[in-house]
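Chain residues, written in single-letter form:
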Amino acid sequence: MPSKVIRLMRDSKNAYPPQKAKKQNSKKVPWVDVSDDERDDRRRKTPLGVKANGHQPNGHPHPHSHHHQREQEGRNHKRHKKARHSMGTGAGLVEEWSTAGPSGSNGTAAALQEQRRNLPIAKGREALIQEIRNNDVTVLLGETGSGKTTQVPQYILESGLARTGMIAVTQPRRVAATSLAARVAAEKNEPSVGRLVGYAVRFDERAGAQTRIKYMTDGMIVRELLSDPLLSRYSVVVVDEAHERTLRTDLLLTNLKTIQRTRNGAGKDEAGTGKGKGKAENPLKIVIMSATLDAEKFSKFFNNAKILYVKGRQHPVKIYYSSEGQTDYVDSAMRTFFQVHTDQPPGDVLIFLPGQEDIESLEKSIKLFANQLPKDEMEVLICPMYAAQAPGQNAKVFAPTPSNSRKCILSTNIAETSITIPGVKYVIDTGMCKEKRYLARDTGGGFDTLLTKAITKSSAMQRAGRAGREGMGACFRLYTEDAFNNMALAPEPEIMRCSLTSSILQLKCLNQNLEELDLMDMPDVDSISSALKTLWLLDAINPNRELTPLGLQMALFPLEPIHARAVLASRENGCTLEVLDIISVLSASSKLFVDITEQRETAAEARRMFTHPSSDHLTILNAVRAYGEIVAGSAGKAARKDWCRKHFLNERTLLEASEIRVQLRQTCGRMGIDWKISCGDKEEPVVKSLAYGLAQNSAFLQPDGSYKQTMGQSVVKIHPSSVLCEKKVPAIVYDELIFTNQIYARGVSSVPKTVFAGIGALNRRIA
Ligand SMILES: Nc1ncnc2c1ncn2[C@@H]1O[C@H](COP(=O)(O)OP(=O)(O)O)[C@@H](O)[C@H]1O
Ligand SMILES: [Mg+2]
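Residues numbered from 1 in each chain as written. Chains lettered and ligands numbered in written order. Predicted model: local features only at pLDDT ≥ 70, side-chain atom pairs only at ≥ 80, totals over all residues.

Labelled according to an unreviewed UniProt entry, the protein appears under the name RNA helicase, originating from Hypsizygus marmoreus. Quoted straight from UniProt, the Catalytic activity (unreviewed entry) entry for the protein says "ATP + H2O = ADP + phosphate + H(+)". (UniProt positions renumbered as here; feature names shortened; annotations may be inferred.)

A. Spotlight on the overall build of the protein. A tally of regular secondary structure across the protein gives 24 helices and 22 strands. Taking all contacts inside the protein whose residues are at least 6 apart in sequence as the whole, residues at least 24 apart take part in 75%. (Helix = DSSP H or I, 4+ residues; strand = E, 2+ residues; numbered from the N terminus. Contact = placed C-beta atoms within 7 Å.)

B. Quick peek at the site of ligand 1. Around ligand 1, the surrounding shell holds 17 residues, and the nearest of these are G145, K148, T149, T150 and T420. At 4 residues, the largest contribution of residues to the shell around ligand 1 is made by helix α3 (residues 148-158). Of the residues in the shell around ligand 1, the class split is 2 nonpolar, 11 polar and 4 charged. Lining the shell around ligand 1 are residues from two domains, each supplying at least three of them: domain 1 (36-82 + 315-494) and domain 2 (109-310). (Near = placed C-beta within 6 Å. Nonpolar A, V, L, I, M, F, W, Y, C, P; charged D, E, K, R; others polar. Domains from an automatic or database assignment.)

C. Expanded view of the pairing of strand β8 (residues 285-290). Summarising burial for β8: 6 of the 6 residues are buried, a large majority. Burial along β8 is two-sided: K285, V287 and M289 and I286, I288 and S290, pointing in opposite directions, are all buried. Note that strand β2 (residues 137-142) and β8 share 5 bridges and pair parallel. Paired with T138 across the bridge in β8 is V287. (Buried ≥ 20, exposed ≤ 12 C-beta atoms within 10 Å, placed from the backbone. Pairing = 2+ DSSP bridges.)

D. Main features of the environment of L737. Its place among the elements puts L737 in strand β21 (residues 731-739). Looking at L737, the number of C-beta atoms within 10 Å reads 25, which means it is buried. In this structure, the C-alpha to C-alpha distance between L737 and K717, residues 20 residues apart in sequence, is 9.3 Å.

E. Geometry of the sheet that holds β2. The 8 strands are arranged β5-β4-β6-β3-β7-β8-β2-β9 in an open sheet whose pairing can be described as mixed. Two strands bound the open sheet, and with one partner strand each, they are β5 (204-206) and β9 (306-310). For this sheet, the mean inter-axis angle between neighbouring strands, taken without regard to orientation, is 20°. Sheet topology note: the β2/β9 ladder contains 5 bridges and is parallel. (Axes fitted to C-alpha atoms, helices over the stretch in contact; angles between N-to-C directions.)

F. Layout of helix α17 (residues 576-587). The end-to-end C-alpha distance of α17 is 16 Å, a good match for the 16 Å that 12 residues give at a rise of 1.5 Å each. Extensive coverage of α17 is indicated by the burial of 11 of its 12 residues. By the burial criterion, the buried members of α17 are T576, E578, V579, L580, D581, I582, I583, S584, V585, L586 and S587. (Expected span 1.5 Å × (residues − 1).)

G. Here's a closer look at the environment of I732. With respect to the element layout, I732 can be found in strand β21. The spatial distance from the C-alpha of I732 to the C-alpha of V748 is 6.5 Å, given a sequence separation of 16 residues. If we ignore the near neighbours within four places in the chain, the residues touching I732 are S698, A699, Y707, L724, A745, V748, S749, S750 and V751.

H. Representation of the packing of helix α16 (residues 561-573) against helix α22 (residues 684-694). Packing of α16 against α22 brings their axes to within 7 Å, and their N-to-C directions diverge by 140°. For the element pair α16 and α22, the recorded crossing hand is right-handed. Here α16 contributes I562, H563, R565, A566, A569, S570 and N573 to the contact with α22, which in turn contributes P685, K688, S689, L690, Y692, G693 and L694. Looking at the contact of α16 with α22 residue by residue, the classes come out as 7 nonpolar, 5 polar and 2 charged. (Left-handed = near helix turned anticlockwise from the far one by under 90°.)

I. Geometry of the pairing of strand β20 (residues 715-718). Only one face of β20 is buried: it carries V716 and I718, and the other face, with V715 and K717, is open. Two strands pair when backbone bridges link them, and strand β19 (residues 707-709) and β20 are joined in this way by 2 bridges, in the antiparallel orientation. Residue K708 lies in a different strand from β20, and its bridge partner there is V715. Where β19 folds back onto β20 in an antiparallel hairpin, the turn is made up of 5 residues. Relative to strand β22 (residues 743-750), β20 is paired through 2 bridges, and the arrangement is parallel. Bridge assignment links I718 to a residue of β22, and that residue is A745.

J. Representation of unusual backbone geometry within the structure. Of note in this structure, R245 is not a glycine but carries a positive phi near 50°. Among the structural elements, R245 can be located in the loop between β7 (234-239) and α6 (247-264). Here R245 falls in the buried class, since 25 other C-beta atoms lie within 10 Å of it. A positive phi angle, close to 65°, is found at N511, a residue other than glycine. In this structure, N511 sits in the loop between α13 (501-509) and α14 (525-537).

K. Molecular detail of the sheet that holds β19. The mixed closed barrel is built from 5 strands, whose spatial order is β18-β19-β20-β22-β21. In this sheet, neighbouring strand axes are inclined to one another by 50° on average, regardless of whether the strands run parallel or antiparallel. Note: strand β18 (residues 698-701) against β19, 3 bridges, orientation antiparallel. Across the sheet, the residue bridging to L701 is Y707, located in β19.

L. Molecular detail of the environment of L231. For L231, the location among the structural elements is in the loop between α5 (218-227) and β7. With 22 C-beta atoms counted inside 10 Å, the residue L231 sits in the buried group. When the C-alpha atoms of L231 and Q260 are compared, they prove to be 9.7 Å apart, with 29 residues separating the residues in sequence. When sequence neighbours within four positions are dropped, the list of residues in contact with L231 reads E224, L225, V237 and I259.

M. Layout of the packing of α17 against helix α21 (residues 651-670). It is the contact of α17 with α21, at a shortest axis distance of 8 Å, that shows an interaxial angle of 130°. With respect to their mutual orientation, α17 and α21 come out oblique. With respect to the hand of their crossing, α17 and α21 are arranged in right-handed fashion. For the pair α17 and α21, contact is made by T576, L580, D581, I583, S584, V585 and S587 and by T653, A657, I660, R661, L664, R665 and C668, respectively. (Parallel < 35°, antiparallel > 145°, perpendicular 65-115°, else oblique.)

N. Spotlight on α22. Among the 11 residues in α22, 10 count as buried, and that is most of the element. Inspection of α22 places P685, V686, V687, K688, S689, L690, A691, Y692, G693 and L694 among the buried residues, and these make up the whole buried set.

O. Structural detail: the confidence of the model for the protein. The predicted model of the protein has a mean per-residue pLDDT of 82, with 81% of residues at 70 or higher. Ignoring residues within four places in sequence, the model shows residues 10-106, a span with pLDDT below 50, making 158 contacts including any to other chains. This model gives residues 267-278 a pLDDT under 50, and the stretch forms 20 contacts once residues within four places in sequence are excluded. (pLDDT = per-residue confidence, 0-100.)

Following this line, the structure appears as structure tokens:
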């Protein structure tokens with residue numbers, strides 16, 4: 001394959017002076033330097049100088065335009081998982097880089113304190129504390145790397161603003177919460193995480209009686225409302241990365257508003273100026289933070305709360321655009337990586353890709369070509385990073401890079417905000433991400449699916465920011481400057497595009513009705529009624545939309561309501577052990593069965609020993625048991641891995657599932673459900689329990705041999721990866737629908753039709 005170079009250029013407005021390229025280098029010059037920042041820095045005031053509300057320090061052209069966001073799906077081309085066979089050679093960056101290495105990795109206490117003092121936010125420390133002291137709600141904007149997430153909670157603690165309570169710092173993602181807690185604990189010179197500084201994420205918590213600063217996912221704090229509706233343990237709640245507008249963040253903001261009114265006694269303050277009353281016993285302070293935020297909107301939501309701005313980012317990042325649109329972002333990312341690797345001084349590379357599949361495909365191609373590099377080149381150390389990874393895998397990402405190698409981190413947008421990966425100097429941004437979207441609610445029981453689409457400006461800025469955390473860096477955008485300019489400003493709030501079932505159930509437990517809440521953005525009526533319908537089918541609410549005792553129990557599980565329902569049904573059916581085995585796999589972030597279209601037959605053959613003839617769920621159970629035996633035996637780590645590979649099983653899923661299972665067993669224990677109850681080799685109790693949860697995902701065989709949904713009008717086919725594919729059984733339940741040219745049901749089990757007779761709501765519906 002001829003070498004092909006990705007041409008990247010600076011923006012058109014600021015023409016770069018003609019390259020004084022080394023004449024002896026006759027090759028094309030692919031990269032052109034652009035100035036550090038696409039935003040307008042000149043309008044900025046002094047640190048924390050922004051007092052006027054409505055000021056838009058980021059210079060975003062249309063602060064409210066994210067309602068008009070455009071989806072750019074056109075660039076999402078179908079690709080194969082094969083390694084690619086082209087790469088850039090010898091095409092150099094013209095720019096000579098200062099070889100000053102990353103400065104931040106020195107972990108000694110003195111060095112850490114010195115680093116803290118040098119952060120842009122440090123200059124504004126006193127002003128910031130003063131503003132937080134004087135205001136109930138503060139909106140804080142500051143560029144990525146200015147020190148918001150790590151410093152603000154410490155300032156609040158050190159200044160006594162939290163009194164004797166805790167400071168919660170919410171994050172949309174778990175790796176952010178855990179890695180930030182580790183960093184701040186180190187800055188506080190703590191021997192370990194979980195003492196003064198702790199974290200709480202789903203299925204993992206490290207915090208104790210001494211904990212004062214707690215980094216937690218937004219989901220965890222929303223869940224905490226169930227046991228502590230006023231969040232009375234927290235004196236300050238810092239809502240970080242609020243621009244992401246996750247569903248949980250939105251629900252948190254709504255609740256914080258009312259909690260603050262109750263705790264601070266703002267009822268008397270008709271004007272709602274948000275000024276502290278001083279009288280309340282346990283007042284709550286709220287700080288909203290982000291680097292890219294529609295600050296005005298947040299401020300308005302909180303009665304015109306004060307907007308503060310931290311000036312300056314720590315280090316400049318040079319931005320490069322590709323000169324033309326890239327059709328295959330995985331291939332472009334690979335070629336760009338090698339251009340950086342062969343031409344650039346040491347410094348790790350962080351590549352943003354939409355999902356795990358792309359990451360695996362890029363990993364293969366990079367490995368393939370890295371092996372062909374001359375022996376004297378730096379070694380390439382690849383570290384994938386995505387949510388579904390086995391616990392502990394992320395540690396590799398954060399570990400120091402060995403000398404004479406270059407770390408290449410392949411990440412989804414979980415590395416996009418909040419975190420600092422030491423050593424990263426170069427970011428390659430494919431411009432694509434996966435976004436959750438709620439589909440097909442009119443086919444009866446909609447569901448969330450992940451779509452690959454173009455990122456937003458706010459993501460692009462956050463991604464670029466990852467290159468300038470410890471020193472100056474560069475960001476290579478694999479899209480044109482025009483494409484950047486056409487990107488939507490910020491993602492559409494998740495509440496507008498996701499399934500609301502789980503949230504509505506949680507709110508019901510708080511005696512709240514979503515449709516009556518004061519939300520920043522209101523979801524549409526259809527998605528609310530679809531969620532209510534699901535909850536009713538699950539017997540979580542009664543026909544008057546009131547929470548049932550069963551619904552309350554379902555909410556206590558850290559599970560999707562449909563899965564929680566199956567676990568509760570297993571209690572009656574005497575098969576909790578089996579159902580937990582299955583549900584923990586279904587709750588893991590990736591699929592257990594590796595499904596590659598071309599290898600389906602081989603995989604089916606390899607898995608024959610645990611294939612159940614009429615149930616993908618029982619096949620999962622058999623696989624979990626078989627793996628359990630391998631683990632219990634003397635097989636070492638490598639042997640286990642090999643065993644999984646041979647049987648086309650995703651070991652990561654099994655490892656994650658076993659952690660989840662531990663948590664679920666604990667939850668059962670707390671609720672007085674005996675998880676050890678087993679039905680032995682009986683199958684019907686298990687399938688029956690699952691059917692209680694999946695009732696809305698059911699279909700009956702029609703006389704013409706097709707399956708028709710019980711809750712919708714669609715005809716569904718059984719997915720080719722299912723053990724039931726091509727088989728005809730009277731009734732099925734399934735985990736999900738896949739939309740291609742047909743509607744496919746995936747994760748299918750045959751269920752005796754009589755089971756449905758026992759499901760009250762469904763019956764009433766069919767009747
Ligand atoms: N885990 C870490 N390792 C090394 N440096 C870090 C780490 N976390 C934070 N830092 C340093 O602290 C700076 C500020 O981080 P942070 O408070 O997360 O900024 P912000 O929230 O404003 O983006 C980073 O730019 C980096 O220099
Ligand atoms: Mg941050």
